[in-house]
Amino acid sequence: MKAFVFPGQGAQFVGMGKDLYENNEVAKEMFEKANEILGFRITDLMFEGTDEDLRQTKVTQPAIFLHSVILAKTMGDEFDPSMVAGHSLGEFSALVAAGALSFEDGLRLVSARAQAMQKACELKPSTMAAVLALPDEKVEEICAEIPGVVVCANYNCPGQLVISGEEDAIDAACVKLKEAGAKRAMRLKVGGGFHSPCMEPARAELAEAIEKTEIHTPTVPVYQNVDAKPHTDPAEIKANLVAQLTAPVRWTQSVQNMIADGADEFIELGPGKVLQGLVNKINREVATFGRQ
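Keep in mind it's a predicted model, so treat the numbers as computed, not measured. (Residues numbered from 1 in each chain as written. Predicted model: local features only at pLDDT ≥ 70, side-chain atom pairs only at ≥ 80, totals over all residues. Heavy atoms only, no water.)

**Points about the packing of helix H6 (residues 90-97) against helix H11 (residues 234-244)**
Two elements in contact, H6 and H11, have axes whose closest approach is 11 Å; the angle formed by their N-to-C orientations is 160°. In this view, H6 runs roughly antiparallel relative to H11, as classed from their interaxial angle. With respect to the hand of their crossing, H6 and H11 are arranged in left-handed fashion. Touching Glu91, Phe92 and Leu95 of H6 are Ile237, Leu241 and Gln244, all from H11. Of the residues in the contact of H6 with H11, the class split is 4 nonpolar, 1 polar and 1 charged. (Axes fitted to C-alpha atoms, helices over the stretch in contact; angles between N-to-C directions. Helix = DSSP H or I, 4+ residues; strand = E, 2+ residues; numbered from the N terminus. Parallel < 35°, antiparallel > 145°, perpendicular 65-115°, else oblique. Left-handed = near helix turned anticlockwise from the far one by under 90°. Contact = heavy atoms within 4.5 Å. Nonpolar A, V, L, I, M, F, W, Y, C, P; charged D, E, K, R; others polar.)

**With respect to the environment of Tyr155**
Tracing the chain through its elements places Tyr155 in strand S4 (residues 150-157). Through-space distance from the C-alpha of Tyr155 to that of Val84 is 18 Å; in sequence the pair is 71 residues apart.

**Considering the nonpolar core**
If you look at the biggest cluster of nonpolar residues, it comprises 60 residues, and the most contacted ones within it are Phe6, Phe65, Leu66, Phe79 and Val84. Considering every element that reaches this core, the biggest residue donor is helix H5 (residues 57-74), with 9 residues. With residues near it in sequence (within four places) discarded, Val84 still touches Phe4, Phe6, Phe79, Ala94, Ala98, Val220, Pro221, Val222, Tyr223 and Met258. Counting 19 residues, the second-largest nonpolar core is a separate cluster that includes Val139, Val150, Ala169 and Cys174. (Core = buried A, V, L, I, M, F, W, Y, C linked by side-chain atoms within 4.5 Å. Buried < 20%, exposed > 50% of the residue type's maximum accessible area, 1.4 Å probe, protein only.)

**Digging into the pattern of salt bridges**
Tallied over the entire structure, the rule returns 13 salt bridges. Arg41 is the salt-bridge partner of Glu32, the closest N and O atoms lying 3.0 Å from each other. The salt bridge partner of Glu141 is Lys138, with a shortest N-O separation of 3.2 Å. Of this pair, Glu141 and Lys138 both sit in helix H8 (residues 136-145), 3 residues apart, which is roughly one turn of that helix. The class for Glu141 is partly exposed, based on a relative accessible area of 41%. The exposure class assigned to Lys138 is partly exposed, which follows from its relative accessible area of 31%. Several salt bridges share partner residues, and in doing so they unite Glu32, Arg41 and Asp44 into one network. (Salt bridge = Lys/Arg side-chain N within 4 Å of Asp/Glu carboxyl O.)

**Observations concerning the sheet that holds strand S7 (residues 222-223)**
Backbone-to-backbone hydrogen bonds pair the strands of a sheet. The strands run either parallel or antiparallel. Here 6 strands make up an open sheet; going across it, the order is S8-S7-S2-S1-S9-S10 and the pairing mixed. Whereas interior strands pair on both sides, the edge strands pair on one side only; in this sheet they are strand S8 (230-231) and strand S10 (287-291). The strands touched by helix H13 (residues 274-282) are strand S1 (2-6), strand S9 (265-269) and S10; relative to S10, the strand with the most contacts, the crossing angle is about 175°. (Pairing = 2+ DSSP bridges.)

**Examining the packing of aromatic side chains**
Tallied over the full model, the rule gives 5 aromatic pairs. An aromatic cluster of three or more residues is present, and its members are Tyr21, Phe31 and Phe47. (Phe/Tyr/Trp six-rings, centres within 6.5 Å; stacked < 30°, edge-to-face > 60°.)

**Side note on the side chain of Asn240**
Mapping Asn240 onto the fold places it in helix H11. With residues near it in sequence (within four places) discarded, Asn240 still touches Gln224, Val226, Asp227 and His231.

**Let's talk about the pairing of S9**
Of all 5 residues making up S9, 4 are buried, and the element is well covered by its neighbours. Here 4 bridges tie S1 to S9, and the two strands are oriented parallel to one another. Bridged to Lys2 within S9 is Glu265. Examined bridge by bridge, S9 and S10 share 5 bridges and lie parallel to one another. Bridging across to S10, Glu265 finds its partner in Ala287. Handedness of the S9-H13-S10 crossover: right-handed. (Right-handed = clockwise from strand over helix to strand, strands pointing away.)

The structure is reproduced here in structure tokens:
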């Protein structure tokens, strides 16, 4: 069984989607429609911008979403999943690809999410840090002991976690994690503390946008980040999308559940190969492929 998976923030690169735009008429139309909806030419930033341009949350998120969704659309009958999932932002790409959201609504939601997150980041300094080679339980235990906001944000694969929260709390946690034997505990170059209580101001704003958006029953189950379980009920999908902003991304658990439900082939659609690498670390028995 095939599982199609969609990457999140951090996978972007300059030139992403350019081949699609130049060689596929459907892709070109969708990119131009996106420029119109967003009110600026995101294609210029994707194809010819700088790394700095692409690192702005309000650009990064729609750019990755567009690349992933347009790839799925241009595959035609080759896009034949039994199930889908996306890492953080990638969950929106997965929902559009599975027919739960229209392309236009998906893009508007991603843009609203990115702008709300950017605003939340500006309200209070926050960040994230990667932690390598410690058991999840140990990382959770140390985070719980630190004063201030610091939580596990991304369960990426066994031995690779990302923590998120207030800058001082993250720095204090990194010191403790290294003392506990972490191979690495270092800050990431991100705009803020995503998937933590620091995103609470963005959650209310996004909830309003999601509430107004029509979500349909997807054609295949969508394994959502919040609980790593398959969902097809539109009301549940909406609630999980809102909760996702301040809750951890349970990627390890999502992949394990997809494999338990029959997935033996994972195809990553979008920029980079991050998810293929994570799937291989979670389970070496399954096949991984990618298109970008």
